[in-house]
Amino acid sequence: GNTTRRFALPFEVQGGGEPIADPIFASARLRGSGMGIGGSIGIYFQPSALVSLGLNFRSGTTLDIQEGEANFDVPSSLEQQFPSSTFQTTLQLPGSINFGLGYRPSDELTVTMDANYVLWETTSNTIIEFEETLPNFEYPGSADLGYQNTIVIRMGAEYHLSDDVYVRAGTFFDQSPVTDGFVSPELPDANTVGFTGGVSFQVTDNLGLDMTFQFETTGERTTFFEDRRFGGTYQSNNTVIGLGLVWKY
């Protein structure tokens, strides 16, 4: 996955005093990518031709980011201490318990709705280590994150255009588990609204092709992280495009 974040730097004025928390004068922009592995298990039940039910558990995933890119916007007196730098960090993405309901009013149309209980309380603190900054500066990871488990609501529909073509569309609302006073550059930091779409082609009797699209966005959220003594304004837009192959035998 890829992520880009901007946040205020938690450093103090020389000689003590209040922290510089205005992201206009002291901020960082991080860009990085990484890979993680997880697992899931589930059960599917269809009590009638019209209704189907599903229950799924998905494990948490550890995402390692190496050689990320960091750029700093700081006062001129600190520019030599905060040059452009690489960084590394580890993000823990939460597991979830998911329940789904499907309804099929006709042979061509299927409508679904599901609820996801996301286990954010299992997420631990994150430390971001920068390579080139002076002195050796790292994003602290000792504070309580203040995360709470949340519920995500999703709705979607699939329409069977022909024997070989299916189209899909959906939307979701993902509530942020982070309360005011704990917002940080780590995921997540605001309520998220998303829209999805996709199409599937049955190329042969054995081979299928899936193409997917997802866009999600948050509103701006301005807050101050009291324990780490910095604040900022946060906003995120993410676009995901997927391509998959399905082989039946």
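Rules and cut-offs
Residues numbered from 1 in each chain as written. Predicted model: local features only at pLDDT ≥ 70, side-chain atom pairs only at ≥ 80, totals over all residues. Heavy atoms only, no water. Helix = DSSP H or I, 4+ residues; strand = E, 2+ residues; numbered from the N terminus. Buried < 20%, exposed > 50% of the residue type's maximum accessible area, 1.4 Å probe, protein only. Contact = heavy atoms within 4.5 Å. Areas by Shrake-Rupley, 256 points an atom, 1.4 Å probe, with all protein chains shown as cover. Phe/Tyr/Trp six-rings, centres within 6.5 Å; stacked < 30°, edge-to-face > 60°. Lys NZ or Arg CZ within 6 Å of the ring centre and 35° of its normal. Pairing = 2+ DSSP bridges. Axes fitted to C-alpha atoms, helices over the stretch in contact; angles between N-to-C directions. Core = buried A, V, L, I, M, F, W, Y, C linked by side-chain atoms within 4.5 Å. Salt bridge = Lys/Arg side-chain N within 4 Å of Asp/Glu carboxyl O.

When its secondary structure is counted, the protein chain shows zero helices and 19 strands. The 249 residues of the protein chain split such that 33% are buried. Partitioning the contacts of the protein chain with sequence separation of at least 6, the portion at a separation of at least 24 is 63%. Carbon and sulfur atoms form 56% of the exposed surface of the protein chain, whose accessible area is close to 14800 Å².

Relative to the assigned elements, Gln148 resides in the loop between β12 (138-139) and β13 (150-160). Distance from Gln148 to Thr122, taken between C-alpha atoms, is 9.1 Å for residues 26 residues apart in sequence.

Describing an aromatic ring pair means giving the distance of the ring centres and the angle of the ring planes. Within the structure shown, the criterion is met by one aromatic pair. Lying across the ring of Phe172, Arg154 places its NZ or CZ 4.8 Å from the centre.

If you trace the nine strands from one edge of the open sheet to the other, you get β5-β6-β9-β10-β13-β14-β15-β16-β19, paired in antiparallel fashion. Of all the strands in the sheet, the pair left with one neighbour each is β5 (40-45) and β19 (237-247). Adjacent strand axes in the sheet meet at a mean angle of 15° when their direction is disregarded. Pairing between strand β6 (residues 51-58) and strand β9 (residues 96-103): eight bridges, direction antiparallel. In the strand pairing of β9, Val51 is matched with Tyr103.

Moving on, we come to the nonpolar core. Of all hydrophobic cores here, the largest spans 13 residues; its most connected members are Leu30, Ala70, Phe72, Phe87 and Phe130. Mapped by element, the contributors of at least two residues to this core are β4 (27-35), β7 (61-73), β8 (85-93) and β11 (128-130). With four residues, β7 is the single largest residue contributor to this core. Formed by seven residues, the second largest nonpolar core is a distinct cluster that contains Trp120, Tyr147, Val152 and Val178.

This next bit is on the environment of Asp164. When you line up the elements, Asp164 lands in the loop between β13 and β14 (165-174). Each C-alpha atom of the pair Asp164 and Val203 lies 7.4 Å from the other, and the pair is 39 residues apart in sequence. For Asp164, the contacting residues outside a window of four places in its chain are Ser200, Phe201 and Gln202.

For the rest of this paragraph, the subject is the pattern of salt bridges. Within this structure, the stated rule accounts for one salt bridge. Between Glu158 and Arg168 there is a salt bridge, with its nearest N and O atoms 2.7 Å apart. With Glu158 in strand β13 and Arg168 in strand β14, this pair connects stretches of sequence that are ten residues apart.

Across the six residues that make up β5, only a small minority, zero, are buried. As paired elements, β5 and β6 share six bridges and run antiparallel to each other. Bridge pairing links Gly42 to Asn56 in β6. Between β5 and β6, which pair antiparallel and follow one another directly, the connecting turn spans five residues.

Right, let's get into the pairing of β8. Of the pairings in the sheet, the one linking β7 to β8 comprises eight bridges and is antiparallel in character. Within β8, the residue paired with Gly68 across the bridge is Phe87. Two strands pair when backbone bridges link them, and β8 and β11 are joined in this way by two bridges, in the antiparallel orientation. Across the sheet, Gln88 pairs through a bridge with Glu129, a residue of β11.

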